[in-house]
Structure formats: C-alpha cells, structure tokens
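# Fold and contact review
Listed below are the residues making up each chain.
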Amino acid sequence: MADDCIFCRIVDGDIPAQVVHQDDRALVFRDVNPQAPTHLLVIPRRHVVSVDHLSPDDEALAGHLLLTAGTAARSLGLEEDGYRVVTNIGRDGGQTVSHLHLHVLGGRSLGWPPG
Ligand code: AMP
C-alpha cells in the first residue's frame, strides 16, 4: 500500500466504493464521477502507479486486468452495444489518481478522438 493513495484505501476497505467485481488480484468499482451511464474502474490490488510502471514481471497482471475489464463489462451487458476501455498515464494523459486503473465506459455512444 502506498501512503495517501485513495485507491489503496479502497482496496483496504478504509474508503467505501460500489464494488461490482473482485478477486485476489483486482478490484472493479463504480467511478464516483461517472462520465457515461456505466463507468467502472478496474484496479490491481497491488499499488502500481500506471501502465508506464509495469515491469515484464507484471505481464500476467496486465493481462488479468484487461480480461477483468471485459468480464465486468459483460456482467453489466455492455458488450451488446459496445464500450471503451482506456487508461490515462501521467499529466498529459490526464491521470489524476496515481494508482493504475482501467476506465470501462459504456451505455452511450462515445466520441473519438478524446479531448
Ligand atoms: P484518472 O483521471 O484517469 O486518474 O481517473 C481517476 C478516476 O477516479 C476519476 O474518474 C475519478 O472520478 C475517480 N475517483 C476518484 N476518487 C474516487 C473514489 N473515491 N471512488 C470512485 N472513483 C473515484
């Protein structure tokens, strides 16, 4: 756990979250400020800052997070009309929480390219 990491505190149960899926390596919960009718965050239980901080040893974890995003999306029926999985990295990427997370967005048509 990293000091002052809000997502580590969610993993530890210190801060409440609307959890929709969890297992030994990952947690999926609803974004507190949703940008689409369904907006989930998929995070590793272990503190990793971003995709840019993954190492070759994290290959299985990275794959697991992506598969978990799909599992969570399907559990909410998003696969029928489609959805988006995106991760922000660093300042220019728009990352505001320094704990790796995949956004899963669905339930409306999403514009492209992002701003
Ligand atoms: P990013 O800007 O890509 O780092 O995404 C961080 C996301 O975390 C934002 O969409 C926030 O709305 C969301 N967020 C921040 N705090 C919480 C929280 N306590 N519970 C759920 N989502 C949160």
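Relevant structure appears above.
Throughout what follows, the structure given in this document is the object of discussion. What you see is a predicted model, and the numbers here were worked out from it, not measured in a lab. (Residues numbered from 1 in each chain as written. Predicted model: local features only at pLDDT ≥ 70, side-chain atom pairs only at ≥ 80, totals over all residues. Heavy atoms only, no water.)

This part covers the overall build of the protein chain. Looking only at helices and strands, the protein chain features three helices and five strands. Scanning the protein chain from its N terminus toward the C terminus, one meets helices and strands in the order α-β-β-β-α-β-α-β. Relative to a compact globule of 115 residues, whose C-alpha radius of gyration would be 13 Å, the protein chain shows 14 Å and is just as compact. Looking at the protein chain residue by residue over its 115 residues, the buried ones come to 37%. The long-range share in the protein chain, meaning contacts at least 24 apart out of those at least 6 apart in sequence, stands at 53%. When the accessible area of the protein chain is evaluated, it comes to approximately 6900 Å², of which 49% is carbon and sulfur surface. Looking at charge distribution, the protein chain has the averaged site of its 9 positive side-chain charges lying 4 Å from that of its 15 negative ones. (Helix = DSSP H or I, 4+ residues; strand = E, 2+ residues; numbered from the N terminus. Rg over C-alpha atoms; globule rule 2.2 N^0.38 Å. Buried < 20%, exposed > 50% of the residue type's maximum accessible area, 1.4 Å probe, protein only. Contact = heavy atoms within 4.5 Å. Areas by Shrake-Rupley, 256 points an atom, 1.4 Å probe, with all protein chains shown as cover. Lys, Arg positive; Asp, Glu negative; His and termini not counted. Charge placed at Lys NZ, Arg CZ, Asp CG, Glu CD.)

Taken together, the side chains of Leu 66, Tyr 83 and Val 85 define a hydrophobic patch exposed on the protein surface, amounting to about 250 Å² of accessible area. Relative to the elements of secondary structure, Tyr 83 occurs in strand 4 (residues 83–86). (Patch = residues over 30% accessible without salt bridge, like charges linked within 9 Å, V, L, I, M, F, W, Y side chains within 5 Å. Salt bridge = Lys/Arg side-chain N within 4 Å of Asp/Glu carboxyl O.)

Taken together, 16 residues surround the ligand, and among them Asp 31, Asn 88, Thr 96, His 101 and His 103 come closest. Val 97 places a main-chain nitrogen or oxygen 3.0 Å from an oxygen atom of the ligand. Considered on its own, the ligand offers 500 Å² of accessible surface; in the complex 83% of this is hidden by protein. Spatially, the ligand is embedded in the largest pocket. When residues of the shell around the ligand are traced back to their parent elements, those giving at least two are helix 1 (6–11) and strand 2 (26–30). Take the shell around the ligand: its biggest share by element is three residues, from helix 1. (Near = heavy atom within 4 Å. Polar contact = N/O pair within 3.5 Å; in protein donor to acceptor, adjacent residues only side chain to side chain. 1 Å grid on protein atoms, 1.4 Å probe; cavity = no way out; pocket = protein on both sides within 12 Å on 5 of 7 lines; lining within 4 Å. Sits in = over half its atoms within 2 Å of the grid points.)

What the rule picks out here adds up to two salt bridges. Between Arg 46 and Asp 58 there is a salt bridge, with its nearest N and O atoms 3.1 Å apart. Taken together, the residues Arg 46 in the loop between strand 3 (38–44) and helix 2 (59–75) and Asp 58 in the loop between strand 3 and helix 2 connect sequence positions 12 residues apart. Residue classification places Arg 46 among the partly exposed residues on the basis of a relative accessible area of 46%. Judged by relative accessible area, which is 7%, Asp 58 ranks as buried. Among the salt bridges present, the one from Asp 92 reaches Arg 91, with a minimum N-O distance of 3.4 Å.

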